[in-house]
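One-letter residues, chain by chain:
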Amino acid sequence: MNSRKLLSETRRTFPATEVHCQQPSRILVVDVTSPSWTNTCSVLSEALENTLCLACSLTGPCRVPLLSLYVVQNQQECLLPFTQVKENFARIQACISELRSLPREGCFPQRGNGVVQAVQDGLQQFKQYSRHTAAGGSTNSSVEITILTSQSSKEMVKQLEKKLKDVDVVSLRRIQVIEVLKRDFLEPEDVEQCMPAEEPSSNDVAILGMDIDVHTVKDNVISLEMLFKTWLQDYGTESEHLHLLLPSGGFSHAAAPRTTLMCLKCDLQERLLDPALLSGTADGTVRAADLNSPCQMAAWPATALYKLRVVKALKSEGVCESVLYGLPFIIKPTSCWQLDWDELEINQHSFHALCHSLLKRKWMLLAKREPSPNWNIMVHSYYIIVPSDSATLLLKAVASRELLLPSTFPALLAEHPERVHGPIESALNSLEVEVAYNPLHLKSNLYKHLKSVLYKPLHRPRDQRPERHQPKQHQSRAKATVAPLLMAPSPVQARRPAAARRDSCERSLPPKEYDEFLQ
């Protein structure tokens, strides 16, 4: 392997990039050697396409800056080299179509080292990409790898531990090993309705300061979609997002001055995507939330530290829903790694105690946002903090005097004619009653709409049609702008003539033609 030659190829073939985002790049490794690949293929492809159409449609900073996709058959193969997700949905869609067309079960023997080689190859390509983009002034310094397999996750972790101990993993933030449960192990009612926990319990394994998270996920579209949607959230632990300031009286020594505040350090998490940020649902003039606005908070991007000072407690039944506005946020105790371990533990226990006490008292909290130094005039926005039976709080903006419009609420009549009461009761009795609202049971066709908006046919000269229609050879495809770097050549590659390998590597396109080339 000639590293100097590969680096020069990288400079020649990687597209220019303007990525400047704290979100990690993503490498997805799909193990297709499983006997259940027939079932997994379609649901995985649909879930991945749904999630990436959202990522391409969201305005504001890119939530999935770069993506690379590997499949492991009888050896690893790079279907998609590192590609900017935004503005490249057609290329990504073509890659997913190719994933769908892979041979089904029984075609490939299970070999554990193919996944490890794909991980090594992906890390090497990310290293090259980072060198190239750093020369242009862009920074994207970390990568996360997600491995989808139906093999035993424990065995996979053992292989990764063994093979990666001598590999440079400085840029690797995390590896997720996702074991896809076969449908034979699922209850029938779980297949379509079950939604995985948003932060499932996992077993963490440390390799040179890098974590390997082990999860299981059900073999259905909803479960896999929720897994991929974690890519759209900010799980960075570099700093806390919110300081919740409470009076010290009930939490500290009585001798402490009343002006002393107790600070709970928290993280903010989005519960919903803002529909106004989806480019396919607006007129194109919508922008991301202004972080300097006194009436707006944003959990994405998590670049600002907010301070909310609790000013009052409210009875839960005394808050009218009509004065709450905006999207809700989830408040959790921070997991910032820069805090001392003892401080993290005390902060978490204090947060849990607050949740428990609010539930017991049936209280909500009214909090005032501390002003930003960037504001010319001090403007206060107010928020309601709602407890739940989990270790989280719900944050919603509440209207102040200036925002409130006049409204009349006529009294409800105590009596009404039976001729109108009967039909209304009959109509209500005909409705199906649900114990609880489940958003997973509703579809809005939003995915189809966004895909139609994003759809842009890939144009390529006729003499540059991909070799997909020729007899398939098990090799790293020339479609990758930088040919995947094989860490350990397979027997098939060892027998391949040197000229054929050289032709495969040198067929990459210059940057100008890159945008029109089907990957």
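Just so we're clear, the structure is a prediction, and the values are computed from it rather than from any experiment.

1. As for the side chain of Asp 219
Examined against the element boundaries, Asp 219 turns out to sit in the loop between strand E7 (210-218) and helix H7 (221-229). The exposure class of Asp 219 is buried, given its relative accessible area of 0%. A distance of 3.5 Å separates polar atoms of two side chains, one belonging to Asp 219 and the other to Thr 40.

2. Points about the pairing of strand E8 (residues 242-247)
Sheet faces and side chains relate simply in a regular strand, where the side chains alternate between the two faces. Buried residues dominate E8, accounting for 5 of its 6 residues. Pairing of E8 with strand E9 (residues 261-270), which is carried by 6 bridges, proceeds in the antiparallel orientation. Bridge assignment links Leu 244 to a residue of E9, and that residue is Leu 264. As paired strands, E8 and strand E10 (residues 306-315) are joined by 4 bridges and run parallel to one another. Across the sheet, the residue bridging to His 243 is Lys 307, located in E10.

3. What about the pattern of salt bridges?
This model, assessed by the stated rule, comprises 9 salt bridges. The partner of Glu 144 in a salt bridge is Arg 26, with the nearest N and O atoms 2.7 Å apart. A residue pair is termed long-range when its members are at least 10 positions apart, and Glu 144 in strand E4 (residues 143-149) and Arg 26 in strand E1 (residues 25-31) qualify at 118 residues. Given a relative accessible area of 6%, Glu 144 falls into the buried group. Overall, Arg 26 belongs to the buried group, its relative accessible area being 4%. Across the pair Glu 144 and Arg 174 runs a salt bridge, and its minimum N-O distance is 3.0 Å. One end of the pair, Glu 144, is in strand E4; the other, Arg 174, is in strand E5 (residues 172-181), and 30 residues separate them in sequence. The exposure class assigned to Arg 174 is partly exposed, which follows from its relative accessible area of 22%. Ionic contacts of the salt-bridge type, sharing partners, join the residues Arg 26, Glu 144, Arg 174 and Asp 213 into one network.

4. Regarding empty space enclosed by the protein
This model, assessed by the stated rule, comprises 4 cavities of 30 Å³ or more. Its volume calculated, the largest cavity comes out at about 70 Å³. Every residue lining the largest cavity is listed: Val 30, Asp 31, Ser 34, Trp 37, Thr 40, Leu 44, Leu 148, Thr 149, Ser 150 and Val 180. At the level of elements, E1, helix H2 (37-57) and E4 are the ones that each hand at least two residues to the lining of the largest cavity. No other element matches H2, which puts 3 residues into the lining of the largest cavity. Classifying every residue of the lining of the largest cavity gives 5 nonpolar, 4 polar and 1 charged.

5. Structural notes on unusual backbone geometry
A positive phi angle is found at Glu 87, which is not glycine, with a value near 70 degrees. Tracing the chain through its elements places Glu 87 in the loop between strand E3 (76-84) and helix H3 (89-100). Of note in the backbone geometry, Asn 445 takes a positive phi value of approximately 65 degrees without being a glycine. Residue position: Asn 445 is located in the loop between helix H9 (418-429) and helix H10 (446-454).

6. Concerning the confidence of the model for the chain
Do not read the fine detail of predicted coordinates wherever pLDDT is low. For the chain, per-residue confidence averages 77 on the pLDDT scale, and 69% of positions sit at 70 or higher. Confidence over residues 185-202 falls short of pLDDT 50; this stretch has 31 contacts with residues more than four positions distant or in other chains.

7. A short note on the packing of H2 against H7
Angle between the axes and distance between the axes: these two values describe a pair of packed helices. Direction vectors running N to C along H2 and H7 enclose 40 degrees, while the axes themselves pass 8 Å from each other. On the basis of the axis angle, H2 is oblique to H7. Crossing of H2 over H7 shows right-handed handedness. Listed contacts from H7 to Val 43, Leu 44, Glu 46, Ala 47, Leu 48, Asn 50, Thr 51 and Leu 54 of H2 are Val 221, Leu 224, Glu 225, Phe 228 and Lys 229. Residues belonging to the contact of H2 with H7 are distributed by class as follows: 8 nonpolar, 2 polar and 3 charged.

8. Structural notes on a nonpolar patch on the surface
A cluster of nonpolar side chains, namely Ile 424, Leu 428 and Leu 431, defines an oily patch on the protein surface of about 310 Å² accessible area. Take Leu 431: it is sitting in the loop between H9 and H10. Looking at Leu 431, the relative accessible area reads 54%, which means it is exposed.

9. Let's talk about the packing of aromatic side chains
By the definition in use, this model includes 3 aromatic pairs. With a centroid separation of 5.6 Å and 55 degrees between ring planes, the pair formed by Phe 82 and Phe 126 is classed as tilted. A residue pair is termed long-range when its members are at least 10 positions apart, and Phe 82 in strand E3 and Phe 126 in helix H4 (residues 113-135) qualify at 44 residues. Just as Phe 82 is buried, Phe 126 falls in that class too.

10. Some details on the packing of H2 against H3
Across the interface, H2 lies against H3 with an axial gap of 9 Å and an inter-helix angle of 175 degrees. Between H2 and H3, the interaxial angle falls into the category roughly antiparallel. Here Trp 37, Cys 41, Leu 44, Ser 45, Glu 46, Leu 48, Glu 49, Leu 52, Cys 53 and Cys 56 of H2 lie close against H3, whose contacting residues are Phe 89, Ile 92, Gln 93, Ile 96, Leu 99 and Arg 100. Each residue belonging to the contact of H2 with H3 can be placed in one class, and the counts come to 11 nonpolar, 2 polar and 3 charged.

11. Concerning the sheet that holds strand E12 (residues 363-369)
Taken together, 7 strands build a closed barrel; the order of strands is E8-E9-E11-E14-E13-E12-E10 and the barrel is mixed. The sheet shows a mean angle of 40 degrees between the axes of neighbouring strands, direction not considered. Strands in contact with helix H8 (residues 341-361) are E8, E9, strand E11 (324-333), E12, strand E13 (382-387) and strand E14 (393-398); relative to E9, the strand with the most contacts, it is inclined by about 85 degrees.

Rules behind the numbers
Residues numbered from 1 in each chain as written. Predicted model: local features only at pLDDT ≥ 70, side-chain atom pairs only at ≥ 80, totals over all residues. Heavy atoms only, no water. Helix = DSSP H or I, 4+ residues; strand = E, 2+ residues; numbered from the N terminus. Buried < 20%, exposed > 50% of the residue type's maximum accessible area, 1.4 Å probe, protein only. Polar contact = N/O pair within 3.5 Å; in protein donor to acceptor, adjacent residues only side chain to side chain. Pairing = 2+ DSSP bridges. Salt bridge = Lys/Arg side-chain N within 4 Å of Asp/Glu carboxyl O. 1 Å grid on protein atoms, 1.4 Å probe; cavity = no way out; pocket = protein on both sides within 12 Å on 5 of 7 lines; lining within 4 Å. Points joined across faces, edges and corners; volume = space filled by probe spheres on them. Nonpolar A, V, L, I, M, F, W, Y, C, P; charged D, E, K, R; others polar. pLDDT = per-residue confidence, 0-100. Contact = heavy atoms within 4.5 Å. Axes fitted to C-alpha atoms, helices over the stretch in contact; angles between N-to-C directions. Parallel < 35°, antiparallel > 145°, perpendicular 65-115°, else oblique. Left-handed = near helix turned anticlockwise from the far one by under 90°. Patch = residues over 30% accessible without salt bridge, like charges linked within 9 Å, V, L, I, M, F, W, Y side chains within 5 Å. Areas by Shrake-Rupley, 256 points an atom, 1.4 Å probe, with all protein chains shown as cover. Phe/Tyr/Trp six-rings, centres within 6.5 Å; stacked < 30°, edge-to-face > 60°.

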